[in-house]
Amino acid sequence: MFTQTIVRTPSRTLAEGITSAPDLGKPDYEKALVQHNAYIDTLKACGVAVEVLAADERYPDACFVEDVAVCTPAFAMVTSPGAPTRMGEEEVITGVLKKYYNAIEHIQAPGTLEGGDVMMVGHHYYIGLSERTNRAGADQLIAALVKYGMTGSVVEMNEMLHLKTGLAYLEDNILLVAGEFTDKAEFKDFRRIEIPEAEGYAANCIRVNDHVIVPEGYPETRAKIEAAGLNVLTCDTSEFKKLDGGLSCLSLRF
Ligand code: GLY
């Protein structure tokens, strides 16, 4: 069960955020705020408290707060973002996490790690080696997990921005898989739900207690998740999609 989440309000500089999809256009700040508020309401509907951090105009991507920490049941790891324009976003999070955690660890240089590359499956954490997360960062997280009685393993990846761009663990051994992760050997024992290429963005869903939050506008994905017996809520994330951001990126959940 999650009881707490942390989100960060989008900044006015949002349109300057990193994107691999400029063809989708620039995000609209006002619309992003409306969508962000609806996202907060949806989290609350799942039974969690939401701490809302103020926008930080220095960092266009800072609303993707998942990337600056990994929150486990035993400790929080403050990360070291791999994108140069995102370095420093993590500074505020240590003080925030102190309210919730006695144990806080930090990824140290030359390690880099972004939370979007970390997928929790019970006490095991899969860590994607992406352009944002390097081997040193992954090894530091694995060492910390072991210290606190958990485990971690790395996942080689070549195409996607983050591990959770193409994977979402929905509990009960159910795993959404898309793109390069569809046939990965390390995920073969999961009950996999394949996300069709046309709905690839929707692989980034989040299970929050008794609900799965699914991006709005992906009917096949929604139908497959409902067919697995799960309750679905939807959120419109069109403005965040323009910056390669999805539902998981917008919150820390613990
Ligand atoms: N725009 C989100 C990211 O690239 O980190």
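Now for a look at the structure at hand.

Parameters at a glance
- Residues numbered from 1 in each chain as written.
- Predicted model: local features only at pLDDT ≥ 70, side-chain atom pairs only at ≥ 80, totals over all residues.
- Heavy atoms only, no water.
- Near = heavy atom within 4 Å.
- Polar contact = N/O pair within 3.5 Å; in protein donor to acceptor, adjacent residues only side chain to side chain.
- Areas by Shrake-Rupley, 256 points an atom, 1.4 Å probe, with all protein chains shown as cover.
- Phe/Tyr/Trp six-rings, centres within 6.5 Å; stacked < 30°, edge-to-face > 60°.
- Helix = DSSP H or I, 4+ residues; strand = E, 2+ residues; numbered from the N terminus.
- Lys NZ or Arg CZ within 6 Å of the ring centre and 35° of its normal.

### Points about the site of the ligand
Now for step 1: Looking at the ligand, the residues that line it are I18, D61, F64, R86, R132 and L243.
Now for step 2: Contacts to the ligand include I18, whose backbone N or O atom sits 2.8 Å from a nitrogen atom.
Now for step 3: Side-chain polar atom of R86 to an oxygen atom of the ligand: 2.7 Å apart, as the coordinates give it.
Now for step 4: Starting from 200 Å² of accessible surface for the ligand in isolation, the protein chains cover 98%.

### Points about the packing of aromatic side chains
Now for step 1: Within the structure shown, the criterion is met by nine aromatic pairs.
Now for step 2: Seen from their ring centres, F75 and Y148 are 4.4 Å apart, and the 15 degrees between their planes marks the pair as stacked. Highlighted residues: F75 in the loop between strand 3 (69-71) and strand 4 (76-78) and Y148 in the loop between helix 3 (135-147) and strand 8 (151-156), separated in sequence by 73 residues.
Now for step 3: On the basis of an interplanar angle of 50 degrees and a centroid distance of 6.1 Å, the ring pair of F187 and F190 is categorised as tilted.
Now for step 4: In this structure an aromatic cluster arises from ring pairing among Y126, Y169, F187 and F190.
Now for step 5: The cationic tip of K241 hangs over the ring face of Y201; the distance from NZ or CZ to the ring centre is 5.2 Å.

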